[in-house]
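Report on the structure
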Amino acid sequence: NAGVTQTPKFQVLKTGQSMTLQCAQDMNHEYMSWYRQDPGMGLRLIHYSVGAGITDQGEVPNGYNVSRSTTEDFPLRLLSAAPSQTSVYFCASSYRAPYNEQFFGPGTRLTVL
Amino acid sequence: AQSVSQHNHHVILSEAASLELGCNYSYGGTVNLFWYVQYPGQHLQLLLKYFSGDPLVKGIKGFEAEFIKSKFSFNLRKPSVQWSDTAEYFCAVNARSGGGADGLTFGKGTHLIIQP
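Residues numbered from 1 in each chain as written. Chains lettered and ligands numbered in written order. Predicted model: local features only at pLDDT ≥ 70, side-chain atom pairs only at ≥ 80, totals over all residues. Heavy atoms only, no water.

Let's talk about the pairing of strand β5 (residues 42-51) of chain A
Residues and elements named next belong to chain A. Which entries qualify depends on this criterion: Only protein chains enter the accessibility calculation, which uses a 1.4 Å probe; a residue whose area is less than 20% of its type maximum is buried, one above 50% is exposed, and one in between is partly exposed. Put simply, DSSP H or I for four residues or longer makes a helix, DSSP E for two residues or longer makes a strand, and each gets a number counted from the N terminus. At least two bridges found by DSSP between two strands are what make those strands a pair.
In terms of burial, β5 is a largely internal element, 9 of the 10 residues being buried. Note that strand β4 (residues 31-38) and β5 share 7 bridges and pair antiparallel. The residue of β5 that forms the bridge with Tyr35 is Leu45. Where β4 folds back onto β5 in an antiparallel hairpin, the turn is made up of 3 residues, including Gly40, whose phi is positive at roughly 75°. Here β5 runs beside strand β6 (residues 54-57); their pairing, made up of 3 bridges, is antiparallel. Bridge pairing in β6 places Gly51 opposite Ile54. Following β5, the chain reverses through 2 residues before pairing antiparallel with β6; Gly53 in that reversal takes a positive phi of roughly 85°.

What follows is the structure, encoded as structure tokens:
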């Protein structure tokens, strides 16, 4: 099993550009989520999904969009990148519910100029 | 909404010293509690978790944590640290409110440096 994979590992964008961060898992987990990690802030939940076709907002959803067309994939879209979105983004998945152990991907380091 | 407070943002210890990292959460209902570790340049890994039962839980690499419900605390301990324990440690909680899905609420992290 590859577990949770994320692409790309690094990305530099200009303000106003859009892009999609990819996340995939091969553990057949229903629950998937996106977090951003900022220095001194810990990890904050952006969006999550409890299954294909179902998504919901987390703590910091503004400026991000998600969809869940399959169990395996949960892409995160930045609609119009801003410097405040410079961060490290982690995707995570767990079996059936967020209160089970979550497995994290390796992260994407995004810089917005 | 739940919140998590980690008291120590930076901790420096010598090898073989004992470690205790504080974690308090605010939520009056049933919670699941986690400690994750992030080694330099790596993604988060689960150290240990508490769901129910024995409040003293043991995790990987000699770590343990004690859940004290009356104090809303879940402190992480290790009797003797090693240089390889240098990492960022995160306490996290998920409140098991009826039917609602959400995510983990993380503390801001503790940066632990072990000096040889």
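Now, onward.
Examining the packing of aromatic side chains
All names here are of chain A. Which entries qualify depends on this criterion: Classification of ring pairs uses Phe, Tyr and Trp, with its six-membered ring standing for Trp, and accepts pairs whose centres are within 6.5 Å; under 30 degrees between planes counts as stacked, over 60 as edge-to-face, and the remaining range as tilted.
For the coordinates displayed, the defined rule picks out 14 aromatic pairs over all chains. Between Tyr35 and Phe104, the aromatic rings sit 5.8 Å apart at their centres with planes inclined by 45°, giving tilted as the arrangement. Here Tyr35 is found in strand β4, whereas its partner Phe104 is found in strand β10 (residues 103-104), with 69 residues between them in sequence. Like Phe104, Tyr35 is buried.

Examining the pattern of salt bridges
Residues and elements named next belong to chain B. Stated formally: Salt bridges are counted wherever a side-chain nitrogen of Lys or Arg sits within 4 Å of a carboxyl oxygen of Asp or Glu.
A complete count under the given rule lists 7 salt bridges over all chains for this structure. A salt bridge links Glu64 to Lys58; its shortest N-O distance comes to 2.9 Å. Residue class for Glu64 comes out buried when judged on its relative accessible area of 18%. For Lys58, a relative accessible area of 65% puts it in the exposed group. A salt bridge links Lys78 to Asp85; the shortest N-O distance between them is 2.9 Å. By sharing partners, the salt bridges in this structure join Lys58, Glu64, Glu66 and Arg77 into a single network.

Re the side chain of A:Asp38
All names here are of chain A. In plain terms, the rule: In protein, a polar contact means a hydrogen-donor-capable atom and an acceptor-capable atom, both N or O and within 3.5 Å, with residues adjacent in sequence counting only if both atoms are side-chain atoms; elsewhere, any N or O pair within 3.5 Å suffices. In this analysis, two residues are considered to be in contact whenever any of their non-hydrogen atoms come within 4.5 Å of each other.
Tracing the backbone through its elements, the reader meets Asp38 in strand β4. Of the polar contacts made by the side chain of Asp38, one reaches the side chain of Arg44; its length is 2.8 Å. Separated by 2.8 Å, the side chains of Asp38 and Ser87 make a polar contact. When neighbours within four sequence positions are excluded, Asp38 is seen to be in contact with Arg44, Thr86 and Ser87.

Bear in mind that shape data such as this cannot, by itself, settle questions of function.
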